[in-house]
Amino acid sequence: MPQYDAIVVGVGAMGSAAVYQLARRGLRVLGIERFDIPHDRGSSHGVNRIIRLAYWEHPSYVPLLRRAYELWRELEHVSGERLLVITGSVDAGPEESPTVEGSLLSCTLHHLAHELLPADRLHARFPAYRLAPDMVAVYQPDGGFVLSERAIVSYVTAALDCGADIRAREPVLGWEPEGHGVRVRTSRGAYTASRLVLTAGAWAGKLAPMLARLAVPERQVLMWTQPREPEHFRLGAFPVFNMEAPEGRFYGFPVFGVPGFKIGRYHHRGERTDADEVDRELHPEDEAVLREGIRRYFPDADGPTLALKTCLFTNSPDEHFIIDVHPDLPQVAIAAGFSGHGFKFASVVGEIMADLSTEGHSRFDLGLFRLARFGA
Ligand SMILES: Cc1cc2nc3c(=O)[nH]c(=O)nc-3n(C[C@H](O)[C@H](O)[C@H](O)COP(=O)(O)OP(=O)(O)OC[C@H]3O[C@@H](n4cnc5c(N)ncnc54)[C@H](O)[C@@H]3O)c2cc1C
């Protein structure tokens, strides 16, 4: 039975970064993935993911974000690929909304460059935006997006170069502690290691039963449409956005990588699901939800549909991440429940998982992400 220093289960966003960070420290690492690398059945496909510094969700994410930016740049250097594209970011909503107040709080506490723009000034600067008159926007110049699938490919390639073993198309069926280490059973065999890192995304609850109610999969849909005014949606003319509107929380991107303006809505149609039984068909109701946002706030993008894709969120009860050591097994580190906003952090989560695995702690304050907050 092969013996490793560490096994990482799930080689998606968090797992690919963790495998790399462990391998570059000289550990003998095995990354195990049930599908291909990359693939389109988890949470990380669809070209790109927003990264933003003015974090409305909580100011304690900002130090992690600063490190995430550094590590994305480092990965670009290692891979020779462009992975982080800066467009500026817009956080929009009514002035007293959690989005605007939270974003301003992060900017103030962490001294981030920003501007508060009323709807008409945002439109004058970025003509695609047609916020409602009672909405305002926090514009932060460091926002942008990460090329998600290319980032996973880059991490896996770099990990292989550091000597990691990666096995795809090999589902993990179960694991158990063995002495001070672990034993992992897959469809092809069994492996032992001193440490285990669980980064299984929407399948987290199937590999660690205590996560079943704490990391709940939800069906999402992304749409790309042909802009009627392509100039307004090109890179350089359109910052990424996150918008709190009466119709829901929308987010979107300039045209990049594939044709069309990309838009989604958090908690799309509120469909909790099982990661193995997701409805991957696209329905007229899926499109209708996103068209509503386009027609109201981005009418110049209301052209023909170019693509629709399903994807999975994995929600924790408070929508903050779960990053911790297993409460009973110090040799097991867990990263789960990224609640639809985790990708931008994958680079720093990889580093944190390597720190938790090798040293038992991280230099970052992980108080917001502890399992204990749920009584686990
Ligand atoms: C539509 C959509 C839009 C989003 N937009 C943004 C955004 O703009 N910005 C942002 O920061 N975040 C965004 N997110 C969230 C972000 O993409 C996720 O938080 C992130 O991708 C989660 O990474 P992960 O590693 O947990 O999951 P994944 O990348 O899915 O990786 C988990 C991996 O584990 C593997 N696995 C599971 N079980 C097993 C097993 N038994 N054996 C072997 N392998 C296994 C899976 O196959 C998968 O590859 C979005 C998510 C979605 C769905």
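Our subject is the structure that appears above.
Counting of residues starts from 1 at the beginning of each chain's written sequence and follows it residue by residue. Reporting of local features is limited, given that this is a predicted model, to residues whose pLDDT is at least 70; pairs of side-chain atoms are given and counted only at 80 or more, and all residues count toward the totals for whole chains, interfaces and linings. Note that the side-chain values use all heavy atoms of the structure and ignore hydrogens as well as water.

**Regarding empty space enclosed by the protein**
In this analysis the probe radius is 1.4 Å and the grid spacing 1 Å, with only protein atoms considered; a cavity is a set of points the probe fits into but cannot get out of, a pocket is an open set with protein on both sides within 12 Å along at least five of seven lines, and lining residues have an atom within 4 Å of a point. Grid points are joined across faces, edges and corners, and a volume is the space filled by probe spheres set on the points. Applying the stated criterion to the full structure yields one cavity of 30 Å³ or more. Size it by volume and the largest cavity reaches roughly 30 Å³. What lines the largest cavity is simply Y20, Q21, L71, E74, L75, V78 and Y155. Secondary-structure elements contributing two or more residues to the lining of the largest cavity are helix 1 (13-24) and helix 2 (62-79). Think of it as three bins: nonpolar holds Ala, Val, Leu, Ile, Met, Phe, Trp, Tyr, Cys and Pro, charged holds Asp, Glu, Lys and Arg, and polar takes everything else, Gly as well. Class assignment for the residues of the lining of the largest cavity results in five nonpolar, one polar and one charged. The secondary structure listing takes helices from DSSP runs of H or I that are at least 4 residues long and strands from runs of E that are at least 2 residues long, numbered from the N terminus.

**Examining a negative patch on the surface**
To count toward a patch, a residue needs a relative accessible area over 30% and no salt bridge; like charges are then connected within 9 Å, while nonpolar side chains (Val, Leu, Ile, Met, Phe, Trp, Tyr) are connected within 5 Å. For accessible areas, the Shrake-Rupley method is used with a probe of radius 1.4 Å. Any residue's cover is judged against the shown protein chains and nothing else. Any Lys or Arg side-chain nitrogen found within 4 Å of a carboxyl oxygen on Asp or Glu counts as a salt bridge. As used throughout, the charge tally considers Lys and Arg to be positive and Asp and Glu to be negative, leaving His and the chain termini uncounted. Here the site of a charge means NZ on Lys, CZ on Arg, CG on Asp, or CD on Glu. Negative charge collects at one region of the surface, where E95, E96, E101 and D134 lie side by side. By the element assignment, D134 lies in the loop between helix 4 (119-125) and strand 7 (135-140).

**Description of the nonpolar core**
Residue types Ala, Val, Leu, Ile, Met, Phe, Trp, Tyr and Cys, when buried and joined through side-chain atoms within 4.5 Å, form a set referred to as a nonpolar core. Residue burial is assigned from relative accessible area. The probe radius is 1.4 Å, only protein chains are included, and a residue is buried under 20% of its type maximum, exposed over 50%, and partly exposed in between. Judged by nonpolar contacts, the single largest core of 61 residues is most densely connected at W72, I323, F345 and M353. Ignoring sequence-local partners within four residues, the contact set of F345 consists of Y55, Y61, L64, L65, A68 and F321. Any pair of residues with heavy atoms lying within 4.5 Å of one another is described as a contacting pair.

**Concerning the sheet that holds strand 4 (residues 84-86)**
Pairs of strands are assigned from DSSP output, requiring at least two bridges between the strands. Judged by pairing direction, the sheet is antiparallel, and its three strands sit side by side in the order 3-8-4 without closing on themselves. Every interior strand has two partners, whereas the edge strands, strand 3 (48-51) and strand 4, have only one. Averaged over all pairs of adjacent strands, the angle between strand axes in this sheet comes to 25 degrees, irrespective of strand direction. Pairing between strand 3 and strand 8 (residues 144-147): four bridges, direction antiparallel. The residue of strand 8 that forms the bridge with R49 is V146. Angular values range over 0 to 180 degrees, each being the angle between N-to-C directions of two axes fitted as lines to C-alpha atoms, with helices fitted over their stretch in contact. Seen against the sheet, helix 2 touches strand 3, strand 4 and strand 8 and runs at an angle of roughly 120 degrees to strand 4. Here helix 5 (residues 148-161) sits on the sheet and contacts strand 3 and strand 8; the angle it forms with strand 8, its principal contact strand, is near 50 degrees.

**Thoughts on the pairing of strand 14 (residues 240-245)**
Among the six residues of strand 14, six are classified as buried, and the element is accordingly described as predominantly covered. Note: strand 5 (residues 89-94) against strand 14, four bridges, orientation parallel. Along strand 14, the bridge assignment pairs V90 with F241. Alignment of strand 14 against strand 15 (residues 248-253), held across five bridges, turns out to be antiparallel. Across the sheet, F241 pairs through a bridge with G252, a residue of strand 15. The hairpin formed by strand 14 and strand 15 contains two residues between the paired strands.

**Topic: the packing of aromatic side chains**
Aromatic pairs are defined between Phe, Tyr and Trp rings, using the six-membered ring for Trp, whenever the two ring centres lie within 6.5 Å; interplanar angles under 30 degrees are classed as stacked, those over 60 as edge-to-face, and all others as tilted. Evaluation of the coordinates by the stated rule reveals 28 aromatic pairs. Residues Y20 and Y155 carry aromatic rings whose centres are separated by 5.5 Å and whose planes lie at 35 degrees to one another, so their mutual orientation is tilted. Note that Y20 is positioned in helix 1 and Y155 in helix 5, a separation of 135 residues in sequence. Measuring from ring centre to ring centre gives 4.9 Å for F233 and F261, while their planes differ by 55 degrees; the resulting arrangement is tilted. One end of the pair, F233, is in the loop between strand 13 (216-225) and strand 14; the other, F261, is in strand 16 (residues 261-265), with 28 residues separating them in the sequence. F261 shares its class with F233; the two are buried. Here the aromatic cluster, defined as three or more aromatic residues joined through ring pairs, consists of Y55, Y61, F321, F338, F345 and F369. Only Lys NZ and Arg CZ are tested; either one counts as a charge over a ring when it is within 6 Å of the ring centre and within 35 degrees of the ring normal. A cation over an aromatic ring shows up here: R249 above the ring of Y266, its NZ or CZ 5.8 Å from the ring centre.

Purely geometric numbers; function is a separate question.
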